[in-house]
Amino acid sequence: MKVAVIDLGTNTFHLLIAQVEKESHEILHRERKAVKIGEKGINRDEIAPEAWGRALKALHEFKSTIDSHKVEKIFATATSAIRNATNGKALVHEIKNLTGIEIEIISGDREAELIHFGASKALDLGVKRNLIMDIGGGSIEFIIADQSKTYWRQSFEVGGQRLVERFHKTDPITQKEIDDLHLFFDTELAPLLKACAEFKPETLIGCSGTFDTLSDIYCEENGIERNEDATEYPFGKDAFQWIFENLIKKNRIERLAIPGMIEMRVDMIVVACVLIDYILDNLSLNYIRISGYALKEGILFNVLDQLKS
């Protein structure tokens with residue numbers, strides 16, 4: 001049957017349409033829209049009127065695409081911005097009334113679980129422990145796992161849109177703002193630092209969003225043509241350090257001019273990279289890998305598993 005997976009993220013809404021069988025699947029359509037549903041409201045736990053309107057418009061357009069593909073079943077999930085907003089359930093209700101699309105508001109733990117499932121299908125996680133990381137606009141998910149076992153996972157409501165609105169007031173970002181971010185991470189991410197001290201992951205595996213764009217920048221800089229169907233994207237620790245050191249010196253216009261940069265990432269990528277740099281520096285991780293799969297693929301593979309059972 002044909003299924004649609006919709007991921008209503010804080011920064012970006014994703015649509016994935018696939019033909020699924022018991023033992024296989026074929027991706028028929030991928031689409032993303034920069035809805036920025038958390039903009040101007042995320043740190044007040046509300047969805048602002050402008051963001052509300054963008055969300056409804058995006059879902060109407062997704063529904064038209066879904067109908068044109070004659071999709072039989074829709075799996076739609078909402079994450080941090082909607083689950084924490086006082087008017088989040090009202091938005092979900094209005095979307096259902098207007099489009100017929102029923103949206104499940106998932107917990108941070110469930111989000112982390114699905115991201116891990118997606119990453120584990122994209123990459124061989126091996127026998128050594130990895131720190132899987134997904135930087136969303138509203139929340140950030142961390143999972144410590146190898147190919148056979150999950151050791152720890154947690155979702156933190158400190159995503160990129162929250163960090164931009166709270167800390168990134170100057171462009172280019174100042175050293176004082178970077179220092180303030182580090183102090184914030186020291187406190188907010190204390191459970192992560194403790195878990196990593198216990199389980200000692202060696203490799204950082206980045207999923208979606210910022211990591212996709214970092215790989216795009218790296219590929220553009222080095223003349224690498226990335227396969228659209230790849231499940232692991234070209235990147236490495238040295239590449240990150242070079243991009244990061246250049247990125248934090250630039251203002252928005254200069255960042256947007258970087259080959260591989262896209263407008264939907266240009267505002268959040270600075271604080272996201274400050275966070276990645278903090279993680280690498282504090283956790284002594286030796287390698288970076290980038291997964292081509294994350295939450296939406298985790299949902300899709302979960303559907304496939306249900307068909308098999």
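Per-chain numbering applies: the sequence of each chain, read as written, is numbered from 1 onward. For a predicted model such as this one, the threshold for reporting local features is a pLDDT of at least 70, and the threshold for listing and counting side-chain atom pairs is 80 or more; totals across whole chains, interfaces and linings nevertheless cover every residue. By convention in this description, side-chain values take in all heavy atoms of the structure and omit both hydrogens and water.

Here's the deal with the overall build of the protein chain
For clarity, the threshold we go by: Labels follow the DSSP assignment, with helices taken as runs of H or I lasting at least four residues and strands as runs of E lasting at least two, numbered in each case from the N terminus. Using C-alpha atoms as the atom set, the radius of gyration is obtained and then compared with a globule rule of 2.2 Å times the number of residues to the power 0.38. Burial status follows relative accessibility: with a 1.4 Å probe on protein chains alone, a residue under 20% of its type maximum counts as buried, one over 50% as exposed, and anything between as partly exposed. By definition in these notes, contact holds between two residues if any of their heavy atoms fall within 4.5 Å. The Shrake-Rupley method, run with a 1.4 Å probe, gives the accessible areas here. Residue values count only the displayed protein chains as cover. Positive charges come from Lys and Arg, negative ones from Asp and Glu, while His and the chain ends are left out of the count. Working definition for charges: the position is that of NZ of Lys, CZ of Arg, CG of Asp or CD of Glu.
What the protein chain contains, in helices and strands, is 12 helices and 11 strands. Relative to the globule expectation of 19 Å for 309 residues, the C-alpha radius of gyration of the protein chain, 19 Å, shows essentially globular dimensions. Dimensions along the principal axes, computed over C-alpha positions, put the protein chain at roughly 50 × 45 × 40 Å. A burial count over the protein chain gives 55% of its 309 residues as buried. The long-range fraction of contacts in the protein chain, counting pairs at least 24 apart against all pairs at least 6 apart in sequence, stands at 69%. Split by element, the accessible area of the protein chain, about 13,800 Å² in all, is 46% carbon and sulfur. Separation of charge centres in the protein chain, based on 38 positive and 49 negative side chains, amounts to 3 Å.

Some details on unusual backbone geometry
A cis geometry characterises the amide bond from D171 onward to P172, with omega recorded as 5 degrees. By the secondary structure assignment, P172 is in the loop between α5 (160–167) and α6 (175–188). For S208, which is not glycine, the phi torsion reads 60 degrees and is therefore positive. Unlike most non-glycine residues, S284 shows phi in positive territory, near 50 degrees. You can see S284 is positioned in the loop between α11 (269–283) and β11 (287–291). Judged by relative accessible area, which is 54%, S284 ranks as exposed.

Some words on the sheet that holds strand β4 (residues 73–78)
This is how the line gets drawn: When DSSP finds two or more bridges between a pair of strands, those strands are recorded as paired. Only the contacting stretch of a helix is used when fitting its axis, a line to C-alpha atoms as for every element, and angles between N-to-C directions run 0 to 180 degrees.
Taken together, 5 strands build an open sheet; the order of strands is β3-β2-β1-β4-β5 and the sheet is mixed. Strands with a single pairing partner mark the edges of an open sheet, and in this sheet they are β3 (25–33) and β5 (103–105). Pairs of neighbouring strands in the sheet enclose a mean axial angle of 20 degrees, with direction left out of account. The pairing of strand β1 (residues 2–8) with β4 spans 6 bridges and is parallel. The residue bridging A4 from the neighbouring strand is I74, located in β4. Each of β1, β2 (13–20), β3 and β4 is contacted by helix α1 (residues 49–68), which is oriented at about 15 degrees to β2, the strand it contacts most. Running at roughly 30 degrees to β2, helix α12 (residues 295–308) makes contact with β1, β2, β3 and β4 of the sheet.

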